[in-house]
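Fold and geometry: a report
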Amino acid sequence: MKSIREIFKNNPSLLDEPEVMQLIAYCEELQDEIVEFKFQKTDNKELPMLDMIKEVIKGCNAVEKEQMEHERFGYPPPDYQETISNLKNYIYERCRDEKIYL
């Protein structure tokens, strides 16, 4: 991101204009809000949890679809033990990565 001085380096006298000074103050305020939002976003555990829940639901839907195919076409049934184990491993791995303690 360019600094304000960099933007006005070809015409520094514009920095003394009231409208430009007001715009600079507004930009500095927005920069502070962006920094604060980034901190909240990285410190917030809700986003990784929502992502994890969406992945779990997607996995459950895939197992249900596989079960329906088994019933419809006579395929071998899904290995639920392996599915449950994979799901638990995924949840524990994501929690460890995101520093979420269950």
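Preceding this paragraph is the structure being described.
For every chain, the first residue of its written sequence is number 1, and the numbers climb from 1 along that sequence. Restriction of local features to residues with pLDDT of at least 70 applies here, the model being predicted, together with a cutoff of 80 or more for giving and counting side-chain atom pairs; totals for whole chains, interfaces and linings are based on all residues. Processing note: side-chain calculations cover all non-hydrogen atoms of the structure and skip hydrogens and water entirely.

Working definition: helices are DSSP H or I runs of at least four residues, strands are E runs of at least two. Numbering for both runs from the N terminus. The number of helices and strands found in the protein chain is 4 helices and 0 strands. Along the chain direction, N to C, the helices and strands of the protein chain fall in the order α-α-α-α. Across the 102 residues in the protein chain, those meeting the buried criterion constitute 12%. Residue contacts are counted whenever heavy atoms from the two residues lie within 4.5 Å of one another. Relative to all contacts within the protein chain whose residues are 6 or more apart in sequence, the contacts with residues 24 or more apart total 46%. The accessible surface values rely on the Shrake-Rupley method and a 1.4 Å probe; as for residues, cover is taken only from the protein chains in view. Carbon together with sulfur atoms contributes 56% to the accessible area of the protein chain, which is approximately 9,100 Å² in total. Each residue's exposure class comes from its accessible area (1.4 Å probe, protein chains only) as a fraction of the maximum for that residue type: buried when under 20%, exposed when over 50%, partly exposed otherwise.

The patches described consist of residues with a relative accessible area above 30% and no salt bridge, like charges being joined within 9 Å and nonpolar side chains (Val, Leu, Ile, Met, Phe, Trp, Tyr) within 5 Å. When a carboxyl oxygen of Asp or Glu lies within 4 Å of a side-chain nitrogen of Lys or Arg, that pair is called a salt bridge. Lys and Arg are tallied as positive, Asp and Glu as negative. Neither His nor the chain termini are counted. Lys charges are placed at NZ, Arg charges at CZ, Asp charges at CG and Glu charges at CD. Taken together, Glu28, Glu29, Asp32, Glu33 and Glu36 make up a surface patch of like negative charges. Structurally, Glu33 is set in helix α2 (residues 18-43). For Glu33, a relative accessible area of 44% translates into the label partly exposed.

Right, let's talk about the pattern of salt bridges for a bit. Counting across every chain of the model gives 1 salt bridge. Note that Glu55 and Lys58 form a salt bridge whose closest N and O atoms lie 3.5 Å from each other. In this pair, Glu55 and Lys58 both sit in helix α3 (residues 46-73), 3 residues apart, roughly one turn of the helix. Here Lys58 falls in the exposed class, since its relative accessible area comes to 52%.

Once that is clear, we can look at the environment of Pro77. Note on placement: Pro77 falls in the loop between α3 and α4 (80-98). Linking Pro77 and Val63, residues 14 residues apart in sequence, is a C-alpha distance of 9.9 Å.

Looking now at α3. For α3, which comprises 28 residues, the first-to-last C-alpha distance of 40 Å matches the rise-based estimate of 40 Å (1.5 Å per residue) to within 8%. Here α3 has its buried residues at Pro48, Met52, Val56 and Val63. Taken together, the buried residues of α3 touch α4. Positioned one or two residues after α3, Gly74 has a phi angle of 80 degrees, which is positive. The span expected for a helix works out to 1.5 Å for each residue beyond the first.

Looking now at α4. In this model, α4 (19 residues) spans 27 Å end to end at C-alpha, consistent with the 27 Å of a helix rising 1.5 Å per residue. Backbone geometry just after α4 places Lys99 at a positive phi near 55 degrees.

What follows concerns a nonpolar patch on the surface. Taken together, Leu23, Tyr26 and Leu30 make up a surface patch of nonpolar side chains, about 280 Å² in accessible area. Residue position: Tyr26 is located in helix α2. In this structure Tyr26 comes out as partly exposed when scored by relative accessible area, which is 47%.

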